[in-house]
Amino acid sequence: MIRKDYLPFGKPNFSDEEVAAVTRVLRSGWLGMGSETVAFERELAEYVDAPHVVAVNSCTSALFLSLLVLGVGPGDEVICPSLTWCSTANVAMHLGAKPVFCDVDPDTLCVTPELVLQRVTSRTKAVMVVHMGGIVAEVEEIRSALKGRVAIVEDAAHALGAKFRNGRPVGSSGELTCFSFYANKNLSSGEGGAVALFDRGVADRLRSLRQNAMPIDAWQRFTHPKSILYSELSDLGYKMNYTDLQACIARVQLRRQPEFYVTRLEIAKRYCAGLRSLPIKSQLNILDPYHARHLFLIRLTDECLQRDEILLKLRARNIGASIHYAPLHLMPLYKGLSRAGLPNTEALARCIMTLPISGSMTAEDGEYVVEHLAEIMQQKDDDGVTV
Ligand SMILES: Cc1ncc(COP(=O)(O)O)c(C=O)c1O
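Worth saying up front: this structure is predicted, and the values here are computed from it rather than measured.

Visitor: Please explain the domain arrangement of the protein as it appears in this structure.
Guide: Accessible area lost during the coming together of the parts is what is often quoted as the interface size. As assigned here, the protein comprises domain 1 (16-255) and domain 2 (257-378). Here domain 1 packs against domain 2, burying approximately 3300 Å² in sum over the two surfaces, 58% of which is carbon and sulfur. Applying the counting rule to domain 1 against domain 2 returns three salt bridges. Between Arg-165 and Asp-288 there is a salt bridge; the shortest N-O distance is 2.7 Å. At the junction of domain 1 and domain 2, the tally comes to 25 residue pairs in polar contact (both at pLDDT 80 or more). Elements represented by at least two residues in the side of domain 1 that touches domain 2 include exactly helix 4 (87-94), strand 3 (98-102) and helix 9 (244-255). Looking at the side of domain 1 that touches domain 2 element by element, the count peaks at four residues for strand 3. In terms of residue class, the side of domain 1 that touches domain 2 is built from 22 nonpolar, 12 polar and nine charged.

Visitor: Is there a simple way to explain the confidence of the model for the protein in this structure?
Guide: Detailed reading of the predicted coordinates is not advisable wherever pLDDT falls low. Per-residue confidence for the protein gives a mean pLDDT of 94, with 96% of residues at or over 70. This stretch, residues 381-387, has a pLDDT under 50; its non-local contacts, to residues over four places away or in other chains, come to 14 contacts.

Visitor: What should I look at first to understand unusual backbone geometry in this one?
Guide: With omega at 5°, the peptide bond leading from His-324 into Tyr-325 counts as cis. Of note, Tyr-325 is situated in the loop between helix 11 (307-316) and helix 12 (343-351). Its identity is not glycine, yet Asp-49 carries a phi of approximately 60°, on the positive side. With respect to the secondary-structure elements, Asp-49 resides in the loop between helix 2 (35-48) and strand 1 (52-56). Since its relative accessible area comes to 37%, Asp-49 is described here as partly exposed. Look at Asn-285: it is not a glycine, yet its phi comes out positive at around 60°.

Visitor: Any chance you could explain the site of the ligand here in plain terms?
Guide: Neighbouring the ligand are 17 residues, the closest being Thr-60, Asp-155, Ser-180, Lys-185 and Tyr-325. Measuring from an oxygen atom of the ligand, one finds a side-chain N or O atom of His-158 at 2.7 Å. Interatomic distance of 2.7 Å between a side-chain N/O atom of Tyr-325 and an oxygen atom of the ligand. For the ligand, the protein covers 92% of the area, taking 390 Å² as the surface of the free molecule. Of all the elements in the fold, those that place two or more residues in the shell around the ligand are helix 3 (59-69) and helix 4. Its residues assigned to classes, the shell around the ligand shows seven nonpolar, eight polar and two charged.

Visitor: Help me out: how do you make sense of the sheet that holds strand 9 (residues 296-300) in this one?
Guide: What holds strands together in a sheet is hydrogen bonding between their backbones, with the strands either parallel or antiparallel. Read from one edge to the other, the open sheet built from three strands follows the order 8-9-10, with strand pairing classed as antiparallel. Edge strands, defined here as strands with exactly one partner in the open sheet, are strand 8 (280-282) and strand 10 (352-355). Neighbouring strand axes in the sheet, compared pairwise and without regard to direction, differ in orientation by 35° on average. Of the strand pairs in this sheet, strand 8 and strand 9 are connected by three bridges, and their pairing is antiparallel.

Visitor: Hey, could you run me through the packing of helix 3 against helix 4 in this one?
Guide: When two helices pack together, you describe them by how their axes are tilted relative to each other and by the distance separating the axes. Two numbers describe how helix 3 lies on helix 4: the axes approach to 9 Å, and their chain directions differ by 45°. When the interaxial angle is binned, helix 3 and helix 4 end up oblique. Judged by the sense of rotation from one axis to the other, the crossing of helix 3 with helix 4 is right-handed. Where helix 3 approaches helix 4, its residues Thr-60, Leu-63, Phe-64 and Leu-67 are matched on the opposing element by Ser-87, Thr-88, Val-91, Ala-92 and His-94.

Visitor: I tried to follow the pattern of salt bridges on my own but got confused; where do I start?
Guide: It is possible for side chains bearing opposite charge to pair when their charged atoms get close. Tallying each qualifying case throughout the model produces 22 salt bridges. Through salt bridges that share partners, Arg-24, Glu-36, Glu-43 and Arg-251 make up one connected network.

Visitor: Please explain the layout of surface pockets as it appears in this structure.
Guide: If you roll a probe as big as a water molecule over the atoms, it shows you where there is empty space left. Its boundaries defined by the atoms lining it, the largest pocket holds a volume of some 480 Å³. Along the wall of the largest pocket there are 25 residues; nearest its centre are Val-136, Ala-137, Glu-138, Phe-164 and Arg-165. Here the residues of the lining of the largest pocket sort into nine nonpolar, seven polar and nine charged. Taken domain by domain, the lining of the largest pocket gets at least three of its residues from each of domain 1 (16-255) and domain 2 (257-378).

Visitor: When you look at a nonpolar patch on the surface in this model, what are you seeing that I'm missing?
Guide: Taken together, Met-93, Met-331 and Leu-333 make up a surface patch of nonpolar side chains, about 260 Å² in accessible area. Residue placement: Met-93 occurs in helix 4.

Visitor: I tried to follow the sheet that holds strand 7 (residues 193-197) on my own but got confused; where do I start?
Guide: Spatial ordering of the open sheet is given by 1-7-6-5-4-2-3, a layout of seven strands whose pairing is mixed. Strand pairing shows two members of the sheet lacking a second neighbour, strand 1 and strand 3, which therefore form its edges. Looking at each pair of strands side by side, their axes are set apart by 25° on average, direction ignored. Examined bridge by bridge, strand 2 (residues 77-81) and strand 3 share five bridges and lie parallel to one another. Considered in strand 3, the bridge of Glu-77 is made with Lys-98. Across the face of the sheet, helix 3 comes into contact with strand 1, strand 2, strand 4 (124-130), strand 5 (151-155), strand 6 (176-180) and strand 7 while running at roughly 165° to strand 6. The strands that helix 4 touches are strand 2, strand 3, strand 4 and strand 5; relative to strand 3, the one it contacts most, it runs at about 150°.

Rules used throughout
Residues numbered from 1 in each chain as written. Predicted model: local features only at pLDDT ≥ 70, side-chain atom pairs only at ≥ 80, totals over all residues. Heavy atoms only, no water. Domains from an automatic or database assignment. Buried area = accessible area lost by both parts, 1.4 Å probe. Salt bridge = Lys/Arg side-chain N within 4 Å of Asp/Glu carboxyl O. Polar contact = N/O pair within 3.5 Å; in protein donor to acceptor, adjacent residues only side chain to side chain. Helix = DSSP H or I, 4+ residues; strand = E, 2+ residues; numbered from the N terminus. Nonpolar A, V, L, I, M, F, W, Y, C, P; charged D, E, K, R; others polar. pLDDT = per-residue confidence, 0-100. Contact = heavy atoms within 4.5 Å. Buried < 20%, exposed > 50% of the residue type's maximum accessible area, 1.4 Å probe, protein only. Near = heavy atom within 4 Å. Areas by Shrake-Rupley, 256 points an atom, 1.4 Å probe, with all protein chains shown as cover. Pairing = 2+ DSSP bridges. Axes fitted to C-alpha atoms, helices over the stretch in contact; angles between N-to-C directions. Parallel < 35°, antiparallel > 145°, perpendicular 65-115°, else oblique. Left-handed = near helix turned anticlockwise from the far one by under 90°. 1 Å grid on protein atoms, 1.4 Å probe; cavity = no way out; pocket = protein on both sides within 12 Å on 5 of 7 lines; lining within 4 Å. Points joined across faces, edges and corners; volume = space filled by probe spheres on them. Patch = residues over 30% accessible without salt bridge, like charges linked within 9 Å, V, L, I, M, F, W, Y side chains within 5 Å.

This is how it looks when you write it as structure tokens:
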């Protein structure tokens with residue numbers, strides 16, 4: 001039986017608590033960036049064990065401002081995976097720098113120290129390390145390999161709740177670590193992002209840049225009796241601030257992370273058990289306690305299997321299977337850049353797929369996906385070829 005409703009790959013879970021928080025902020029008369037945002041930044045800083053968190057309007061903005069404060073600009077190279085969301089590379093382009101695409105490990109789907117080193121030149125200014133799907137990339141090892149000569153920005157859009165091998169949360173490495181609170185993320189406020197970092201001076205600069213580089217923000221201008229004295233502008237900033245309307249949702253979502261974590265773990269366990277008999281490999285360490293399991297990434301291991309066909313059949317059964325990601329180096333936007341030396345990425349591009357996983361899924365949803373995936377993969381098409 002085909003279910004009636006569509007099962008998205010990352011459906012957020014909102015309760016009466018989030019609804020009450022929104023109502024409270026709407027009734028407060030202040031929707032912009034203010035006390036809720038400040039409270040959320042403090043709570044998130046505690047959660048990710050970083051001294052400073054600066055909330056912005058998206059992870060894309062967080063990545064952009066991170067490269068900006070590192071001084072990335074024209075003539076610089078920024079190493080990043082090709083197997084990522086376009087924001088990771090686009091922000092380098094926006095600053096006039098050149099993204100240099102790096103291959104990924106076929107089991108983790110992340111860059112490794114060896115692969116990064118192959119791309120370093122005298123022009124390399126930064127490396128963007130993506131914690132793909134919520135697995136934790138080897139940040140410490142990459143930092144050692146780079147010997148402190150190149151800055152690292154962690155793209156942790158998928159990795160809120162993930163932990164390094166030493167048990168400390170992603171966000172606590174001391175590198176600029178960027179999170180996303182987009183609609184389908186582990187913590188969702190519709191849109192939103194944040195940078196976790198250790199340097200107070202850099203945090204202050206980010207706070208300024210996110211709100212047009214005004215010396216004091218709108219909330220302070222609104223509430224400060226002498227605000228007129230502080231309105232001089234001396235830097236060129238951006239309009240990339242978070243809002244209290246989003247922060248009040250994010251605060252509830254942050255408190256509910258353990259609940260969502262358990263739900264995603266149960267779904268992942270069900271998938272792993274169900275996939276055992278199929279020619280499918282899940283991402284390495286998907287059941288590992290350190291994995292955030294934002295995405296449930298799988299790889300077809302039988303070359304005869306047509307990934308796109310399987311994906312479309314899942315969609316026809318109302319299962320929001322998806323692809324994370326189509327490699328950036330094959331996109332028209334990036335065709336002028338080097339395409340050499342990305343064999344793992346190109347092989348993965350043909351056989352990876354993402355199954356739905358989220359804090360709002362039920363055990364029955366998981367069961368439905370497993371049953372239908374198995375059925376589709378065991379079907380024969382008219383020529384007798386397995387699809
Ligand atoms: C790996 C990665 N980086 C960056 C982003 C950008 O996040 P946002 O939509 O919050 O700008 C995404 C969004 O999905 C992502 O998956």
